[in-house]
Amino acid sequence: MQQLEHAARALGWHGFLIPDVEVLGARFTAVARIRPEVHRWRSRNGWEPVLDPSGFRSWSEPRTHDHLPLPGVDLIGTLVPVTKSRRALRSCGSLMTLAPCTVVLPGDHPYRPWPLVELDYYGIGVVQSGTSGPAKLILSPEDRSPEFGSSPFTRWLLEVLYSRALERAADSAGNTTC
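Residues numbered from 1 in each chain as written. Predicted model: local features only at pLDDT ≥ 70, side-chain atom pairs only at ≥ 80, totals over all residues. Heavy atoms only, no water.

1. Side note on a positive patch on the surface
Using the following cut-off: Patch definition: residues with relative accessible area over 30% and no salt bridge; like charges joined within 9 Å; nonpolar side chains (Val, Leu, Ile, Met, Phe, Trp, Tyr) joined within 5 Å. The method behind every accessible area is Shrake-Rupley, applied with a 1.4 Å probe, and residues are considered shielded solely by the protein chains displayed. Whenever a carboxyl oxygen of Asp or Glu lies within 4 Å of a side-chain nitrogen of Lys or Arg, that contact is scored as a salt bridge. Positive charges come from Lys and Arg, negative ones from Asp and Glu, while His and the chain ends are left out of the count. Charge placement uses NZ in Lys and CZ in Arg. For Asp and Glu, CG and CD serve respectively. Whether a residue is buried, partly exposed or exposed follows from its accessible area with a 1.4 Å probe, protein chains only, as a fraction of its type maximum: under 20%, in between, or over 50%, in that order.
Together, Lys 84, Arg 86, Arg 87, Arg 90 and Arg 112 give the surface a local cluster of positive charge. Given the relative accessible area of 68%, Arg 90 is considered exposed.

Below, the structure written as structure tokens:
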């Protein structure tokens, strides 16, 4: 986890690290920030995180748009640890539809320019990080998610991350709300 904290810091991503998220056939760590004004509104109005994905089909219908809560978090980006740069594109392939995706290589990974050219083309970031010391930003990620648009799946994922961010906030603040 320390390696991922260093990577998030190198990227300038401030928020909760939410490890072990598994979607779209990928496992990653999300960096999410609670939206305080939305969280306060949702808490006052009884809108807990909605974790059941079956209800989200109706959320995509235009007639329900004015009856839906706003997302309680912003997904800043995804971090995917990989051992070799050649695994990076496959690891971030579907995740780049959700938010900026960055692969985290071990601190002793050798520099290989060709995989970096390909990752740069797709907008995938690269950070080299060990367990101690600062991480090294090799390639900044691009946010390609607007190219893919939003979906009920993305909205459901934000609810899951909202729930997990609230758990992390409670753990770190001794059960106080944001």
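Moving on from the model shown.
2. Points about the pattern of salt bridges
Filter applied, for reference: Helix numbering and strand numbering both begin at the N terminus, where a helix is a DSSP run of H or I of at least 4 residues and a strand a DSSP run of E of at least 2.
Under the definition given, this model contains seven salt bridges. One salt bridge in this structure joins Glu 159 and Arg 42, with 2.8 Å as the shortest N-O distance. Of this pair, Glu 159 sits in helix H7 (residues 152-173) while Arg 42 is found in helix H2 (residues 36-44), placing the two residues 117 residues apart along the sequence. Of the residues examined, Arg 42 reaches a relative accessible area of 0% and is grouped as buried.

3. Concerning the packing of aromatic side chains
Aromatic rings considered in pairs are described by the distance between their centres and by the relative angle of their planes. Defined as follows: For this analysis, a ring pair means two rings from Phe, Tyr or Trp (six-membered ring only for Trp) whose centres lie within 6.5 Å, classed as stacked if their planes differ by under 30 degrees, edge-to-face if by over 60, and tilted for the remaining angles.
Tallied over the full model, the rule gives two aromatic pairs. An angle of 90° between the planes, with centres 5.0 Å apart, marks the rings of Tyr 121 and Tyr 122 as edge-to-face. Taking the centre distance of 5.9 Å and the plane angle of 45° together, the rings of Phe 153 and Trp 156 count as tilted. Here the residue Phe 153 and the residue Trp 156 both occupy positions in helix H7, the gap between them amounting to three residues, near one helical turn. For Phe 153, a relative accessible area of 28% puts it in the partly exposed group. Exposure remark for Trp 156: the relative accessible area of 19% places this residue in the buried category.

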